[in-house]
Amino acid sequence: MPRIGVLALQGAFQRHIDALSCLGAHPIPVRLPGDLAHVDGLVLPGGESTTMSLLLGTSGLAQPISAFIADGLPIFGTCAGMILLAAEVLDGRPDQMQLATLDFSVRRNGYGRQLASFEADVTAPILGIGDTNPFRAIFIRAPKVENVGDGIEVLARLDHDPVLIRSGPVMASAFHPELTPDLRLHRCFLASL
Amino acid sequence: MVPHHRFSARRLTNMAQKVPPQGERQTETMRVKRGLAEMLKGGVIMDVVNAEQAKIAEDAGAVAVMALERVPADIRSDGGVARMSDPAMIEQIQATVTIPVMAKVRIGHFVEAQILEALEVDYIDESEVLTPADEAHHIDKFAYGVPFVCGATNLGEACRRVSEGAALIRSKGEAGTGNVVEAVRHLRSIIGDIRKIGQADRAELFEWAKRLQAPLPLIEEIADTGRFPVPIFCAGGLATPADAALAMQLGAESVFVGSGIFKSSDPSPRARAIVEATTNYMNPEILVKVSRNLGTPMTGIGMDDIDVHLADRGW
């Protein structure tokens, strides 16, 4: 049974924990560096990225998680979790904590305020999510991916914007797969372990 | 006058949750409204009365700010009618912070809600802290694209608010007192009844619905899933990191802190400490660390010493 850490400083971590439990994984809430021992992968959930950034500092988790990512362990970042992985954050705070510098840039709240939050069908053919069985994706004050480098594989787009990307063992979505009962992306993450 | 058909159309989209053609974006659905509440979990929403306080709150790690004219402690001591804030103040706060901005309207004052929606606030709080505008009706919250949070003292009130379209419930507590006793009473009542309904047999559900004056389908949903359909946060009287951790251990999923921060001697460190306590609510060692040397909390008042019980407002 894979042991999956779920960053539990703030945000939608419980929904990720529920999804992973459903799939037979062993989720572990991560609030302190000691919680990272013996985990096989890590989920960075959605929430408020400024709050998470501050708590990553006070908890002492920023450095060990960065090292964890640098070691090549599997990561799944959603929404605020995606922002934490980007090389460049637009409209962010200058003191924003970053856990990795993957070759993409992302704009915080790039789709606008809550009134502009939305749901839409997305397809990711490489993952077997096609027109006949699209993924219902929920975007909440979502980050917008503006540029992706050569090393980044775009798995899904909405209109022209990448919304699901992968770079080696790291996957990131601008939307919230934990808010729907569709577990395909969590399954896909577990399959990469 | 806003034409009635606008409300009806919104209402249908919200209630029927129609699946649109592929690729089409659908805004303002219940899932999208509840989704933002999910993102605010495990966090602290702080009352602020100007842009400067909003900045302090954001820097301290607030997940959202609640813009209001006066904090509840001042509403209580000043008396008079408490209303929606000046739009200019809300706009200044929106221009200052990047976290979600919430604002309050009077119970039943659907025009104040229309104004806040036009300002594109991220959440509207139909709040007993302001002077009620309607003593029988709450706002039809399905009519708006902006999600609503409402207070509740018990599970019946919480269910009635959800049946009117609220996407988030907060236990009311007694705002502006710095006294956590009512928040504890309301949380225990709400969470306790959810637990009991989870154990009830089918015949008992009818009686629960009757006793709580709540719609039967919501009671059935709680019985089936064992949980309330929208997140439950805690508000009203929290003043210390320990208060926040107490609310979280009792089953709240986030906390609202009003007067407790900006009525204390040193708001910024206290705000940060409450944020850390909310994350680490099960860890007494961290609670010790963050509770140390915070200066004087707001003075607080006992329940026997107040004339107006704000929590009694709401029907």
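This is a predicted model, so every value here is computed, not measured.

J.: Explain the overall build of chain A to me, please; I cannot follow it from the model alone.
T.: Along the backbone of chain A there are five helices and twelve strands. A compact globule built from 193 residues would reach a C-alpha radius of gyration of about 16 Å, and chain A, at 15 Å, matches this within 12%. Taking the principal axes of its C-alpha atoms as reference, chain A extends roughly 45 × 40 × 35 Å. Within the span of chain A, comprising 193 residues, buried residues form 60% of the whole. Contacts spanning at least 24 positions in sequence make up 64% of the contacts within chain A whose residues lie at least 6 apart. Surface exposure of chain A reaches about 6700 Å², of which carbon and sulfur atoms provide 51%. Treating the 14 positive side-chain charges of chain A as one cloud and the 19 negative ones as another, the clouds have centres 5 Å apart.

J.: Is there a simple way to think about the interface of chain A and chain B in this case?
T.: Interface size is commonly expressed as the accessible area that is lost once the parts come together. On the side of chain B, 46 residues touch chain A, which itself brings 43 residues to the contact. When the two sides are added together, the surface that chain A and chain B hide from each other amounts to roughly 3700 Å², 52% of it contributed by carbon and sulfur. If you sort the residues of chain A by the area they bury against chain B, Arg113(A), Gln114(A) and Leu115(A) come out on top, with a joint share of 19%. At the boundary of chain A with chain B, the tally comes to seven salt bridges. Of the charged contacts in the structure, one is a salt bridge between Arg93(A) and Asp59(B), with a shortest N-O distance of 2.8 Å. Where chain A meets chain B, there are 21 residue pairs in polar contact (both at pLDDT 80 or more). Among the secondary structure elements, those contributing two or more residues to the side of chain A that touches chain B are α1 (13–22), α2 (49–59), β7 (118–122) and β8 (135–139) of chain A. The dominant element in the side of chain A that touches chain B, judged by the number of residues it contributes, is α2(A), at five residues.

J.: I keep staring at the nonpolar core and nothing clicks. Help me out?
T.: Generally speaking, a soluble globular protein has its nonpolar side chains buried in company with each other. With 145 residues, the main nonpolar core has Leu85(A), Phe104(A), Phe139(A), Ile93(B) and Phe228(B) as its most contacted residues. With six residues, helix α8 (residues 181–199) of chain B is the single largest residue contributor to this core. Grouped together as the second largest cluster of nonpolar side chains are 23 residues, Leu36(B), Ile45(B), Phe233(B) and Ala235(B) included.

J.: Which parts of the structure should I look at to understand the state of the cysteines?
T.: A covalent bond between the sulfur atoms of two cysteines is referred to as a disulfide. Residue and element names in this part refer to chain B. Counted under the stated rule, the structure contains zero disulfides over all chains. In this structure cysteine 159 is a free cysteine whose sulfur lies 13 Å from that of cysteine 150, the closest cysteine sulfur available. Assessed through its relative accessible area of 0%, cysteine 159 is described here as buried.

J.: Is there a simple way to explain the sheet that holds strand β6 (residues 102–107) of chain A in this structure?
T.: The strands that make up a sheet pair up through hydrogen bonds in the backbone, lying either parallel or antiparallel. Residues and elements named next belong to chain A. Taking strand neighbours across the sheet as the criterion, the three strands line up as β5-β6-β9 in an open arrangement whose pairing is mixed. Unpaired on one side and paired on the other, β5 (86–90) and β9 (144–148) mark the two borders of the sheet. Mean inter-strand twist for the sheet, computed between neighbouring axes without regard to direction, equals 25 degrees. Pairing of β5 with β6 involves four bridges; the strand directions are parallel. In the strand pairing of β6, valine 89 is matched with valine 106.

J.: Teacher, can you tell me more about the pattern of salt bridges here?
T.: Think of it this way: side chains of opposite charge can pair up when their charged atoms draw near. Tallied over the entire structure, the rule returns 35 salt bridges over all chains. The closest approach of N and O atoms between Glu153(A) and Arg166(A), which form a salt bridge, is 3.1 Å. In this pair, Glu153(A) sits in strand β10 (residues 153–158) while Arg166(A) sits in strand β11 (residues 161–167), placing the two residues 13 residues apart along the sequence. On the basis of relative accessible area, Arg166(A) is assigned to the partly exposed category, the value being 23%. Several salt bridges converge on common partners, so that one network encompasses Arg93(A), Asp95(A), Lys55(B), Glu58(B) and Asp59(B).

Calculation criteria
- Residues numbered from 1 in each chain as written.
- Chains lettered and ligands numbered in written order.
- Predicted model: local features only at pLDDT ≥ 70, side-chain atom pairs only at ≥ 80, totals over all residues.
- Heavy atoms only, no water.
- Helix = DSSP H or I, 4+ residues; strand = E, 2+ residues; numbered from the N terminus.
- Rg over C-alpha atoms; globule rule 2.2 N^0.38 Å.
- Buried < 20%, exposed > 50% of the residue type's maximum accessible area, 1.4 Å probe, protein only.
- Contact = heavy atoms within 4.5 Å.
- Areas by Shrake-Rupley, 256 points an atom, 1.4 Å probe, with all protein chains shown as cover.
- Lys, Arg positive; Asp, Glu negative; His and termini not counted.
- Charge placed at Lys NZ, Arg CZ, Asp CG, Glu CD.
- Buried area = accessible area lost by both parts, 1.4 Å probe.
- Salt bridge = Lys/Arg side-chain N within 4 Å of Asp/Glu carboxyl O.
- Polar contact = N/O pair within 3.5 Å; in protein donor to acceptor, adjacent residues only side chain to side chain.
- Core = buried A, V, L, I, M, F, W, Y, C linked by side-chain atoms within 4.5 Å.
- Disulfide = S-S within 2.5 Å.
- Pairing = 2+ DSSP bridges.
- Axes fitted to C-alpha atoms, helices over the stretch in contact; angles between N-to-C directions.

By themselves these figures say nothing about function.
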